[in-house]
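Coordinate analysis (summary)
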Amino acid sequence: MSAQTARAFWITQPGAGAIREEVLPPARSDDVLVRSLYSGISRGTETLVFTGRVPKTQYEAMRAPFQAGDFPGPVKYGYSSVGRIEEGPADRIGETVFCLHPHQDRYRIPGSAAVPLPAGVPPERAVLTANMETAINAFWDAGPLAGDRILVLGGGVLGLLTAWLCRQVPGARVTLIDINPARQSASEALGIEFALEVAETADADLVIHASGQPQGLAEALRHAGLEATVLEMSWYGDRPVTLTLGEGFHSRRLLLKSSQVGRIPAHRQARWNYRRRLGLALDLLQAPELDHLITGESVFETLPAVMTELARGHSDALCHRIRYP
């Protein structure tokens, strides 16, 4: 394979994918050529994209940086790539970088889109960067305060990262709820209290929902205290969600709020931009305990089969990492 070609994972049609060879664009003066070391699968969003469940009204909003093709397919999608610069300005050759790029073994991009990893962040862990950005946004949207009783429903990567951030608020008591007991070890490794179900006396100041299941959101509303906030992190694609808002939702004056990484919250926009948020995400990944969130790894050539297994729910992995030769 020449330096002008690459192999990339494409969703060829809903529920099917393939690795295709493609020609790299010509180099421009500010471009770098990155050879991939690892990429991470953002399980919730990518499996919905893989199965063709992006609503037509969200086609533009759900476009990822450097995406090729269109929903529902063929489309090249993904946004958590870590690699090493092989071509570009002399002072950047050999740099290990993060990029919001689809799964591809090498790619040519503007140098500004290749963000150097901090010295304390190994490339193997840096695949969590995009998830950490989402968790930061959720933390900002939720606004936890000192001493809050906080419930996080859903022990996937996003739930665990958001709970980990909330745990660092002074005096906050954070409990992660997940029906899967296998999530307990990762939760405890991050210093987060774990439970299989919510105690009836929860009366939480803040409830964060990240299970991806509509019934989880209903559960979140049930356990929010008077005038509490329920933050919805789950994205359901084209699935409808039914809620019983005729119970205590109004009498307890609950606030149901959405969170999505595509926009920086209004109260942060005066001083924060996407690059500054990405830098914060990378700095936070210097914490070695976050390695417990990466529980699966496969080689790039097997990615079509891996995505099929993840979409069918046959894998219990948290972050599934892809390794490149």
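Residues numbered from 1 in each chain as written. Predicted model: local features only at pLDDT ≥ 70, side-chain atom pairs only at ≥ 80, totals over all residues. Heavy atoms only, no water.

Further remarks concern the packing of aromatic side chains. Throughout the structure, instances matching the rule amount to five aromatic pairs. For the pair Tyr59 and Phe71, a centre-to-centre distance of 5.6 Å together with 50° between the ring planes defines the contact as tilted. Pair noted here: Tyr59 is in the loop between α1 (43-50) and β4 (68-69) and Phe71 is in the loop between β4 and β5 (75-76), with a separation of 12 residues, a long-range link. Given the relative accessible area of 8%, Phe71 is considered buried. One aromatic cluster in this structure is built from Tyr59, Phe71, Tyr77 and Tyr79. For the cation-ring pair, Arg276 lies above Trp272, with the distance from its terminal atom to the ring centre recorded as 3.6 Å. Above the plane of the ring of Tyr38 lies Arg321, whose end atom (NZ or CZ) is 5.3 Å from the centre. (Phe/Tyr/Trp six-rings, centres within 6.5 Å; stacked < 30°, edge-to-face > 60°. Helix = DSSP H or I, 4+ residues; strand = E, 2+ residues; numbered from the N terminus. Buried < 20%, exposed > 50% of the residue type's maximum accessible area, 1.4 Å probe, protein only. Lys NZ or Arg CZ within 6 Å of the ring centre and 35° of its normal.)

Before going further, it helps to spend a moment on the sheet that holds strand β12 (residues 193-195). Spatial strand order, β12-β11-β10-β13-β14-β15: six strands in an open sheet with parallel pairing. Both outer strands of the open sheet, β12 and β15 (255-258), are each paired with one neighbouring strand and no more. When strand polarity is set aside, the average angle formed by the axes of neighbouring strands in this sheet is 20°. When strand β11 (residues 173-177) meets β12, the two strands line up parallel, connected through three bridges. Each residue of the ladder has a partner; that of Ile177, found in β12, is Ala195. Together, β10 (149-153), β13 (204-209), β14 (224-232) and β15 form the strand contacts of helix α5 (residues 214-222), whose direction differs from that of β14 by roughly 155°. (Pairing = 2+ DSSP bridges. Axes fitted to C-alpha atoms, helices over the stretch in contact; angles between N-to-C directions. Contact = heavy atoms within 4.5 Å.)

Quick look at the packing of helix α2 (residues 129-142) against helix α3 (residues 157-167) now. Here α2 crosses α3 at 50°, and the two axes come no closer than 9 Å. Taken together, the axes of α2 and α3 are oblique relative to one another. Judged by the twist between their axes, the crossing of α2 over α3 is right-handed. Two secondary-structure elements touch here, α2 through Asn131, Met132, Thr134, Ala135, Ile136, Ala138 and Phe139 and α3 through Val157, Leu158, Leu161, Thr162, Trp164, Leu165 and Cys166. A breakdown of the residues in the contact of α2 with α3 according to their chemical character gives 11 nonpolar, three polar and no charged. (Parallel < 35°, antiparallel > 145°, perpendicular 65-115°, else oblique. Left-handed = near helix turned anticlockwise from the far one by under 90°. Nonpolar A, V, L, I, M, F, W, Y, C, P; charged D, E, K, R; others polar.)

Glancing now at the environment of His320. Tracing the chain through its elements places His320 in strand β17 (residues 319-323). Distance in space between the C-alpha atoms of His320 and Cys99 is 17 Å, their sequence separation being 221 residues. The contact partners of His320, leaving out residues within four places of it in the chain, are Ser39, Gly40, Ile41, Gly296, Glu297, Ser298, Val306 and Leu310. Among the polar contacts listed, one links the side chain of His320 to the side chain of Ser298, at a separation of 2.8 Å. (Polar contact = N/O pair within 3.5 Å; in protein donor to acceptor, adjacent residues only side chain to side chain.)

Right, let's get into the environment of Arg7. With respect to the helices and strands, Arg7 occurs in strand β1 (residues 5-13). Judged by its relative accessible area of 22%, Arg7 falls in the partly exposed class. In this structure the C-alpha to C-alpha distance between Arg7 and Asp205, which are 198 residues apart in sequence, comes to 48 Å.

Here we take up the pattern of salt bridges. Tallied over the full model, the rule gives 19 salt bridges. For Arg108, the salt bridge identified is with Glu87, shortest N-O distance 3.4 Å. Pair noted here: Arg108 is in strand β8 (residues 106-110) and Glu87 is in strand β6 (residues 81-87), with a separation of 21 residues, a long-range link. Look at Arg108 and you get buried, because its relative accessible area is 9%. By relative accessible area, which is 33% here, Glu87 ends up partly exposed. Residues Glu193 and Arg173 are paired through a salt bridge, measuring 3.1 Å at the closest nitrogen-oxygen approach. Taken together, the residues Glu193 in strand β12 and Arg173 in strand β11 connect sequence positions 20 residues apart. Residue Arg173 is classed as exposed on the basis of its relative accessible area of 52%. (Salt bridge = Lys/Arg side-chain N within 4 Å of Asp/Glu carboxyl O.)

With that settled, the discussion passes to α5. What sets the pattern is the α-helix's 3.6 residues per turn: residues three or four places apart point alike. Burial in α5 covers these residues: Pro214, Gly216, Leu217, Ala218, Ala220 and Leu221. Its buried side turned inward, α5 meets β10, β13, β14 and β15.

Taken by themselves, the reported measurements are silent on function.
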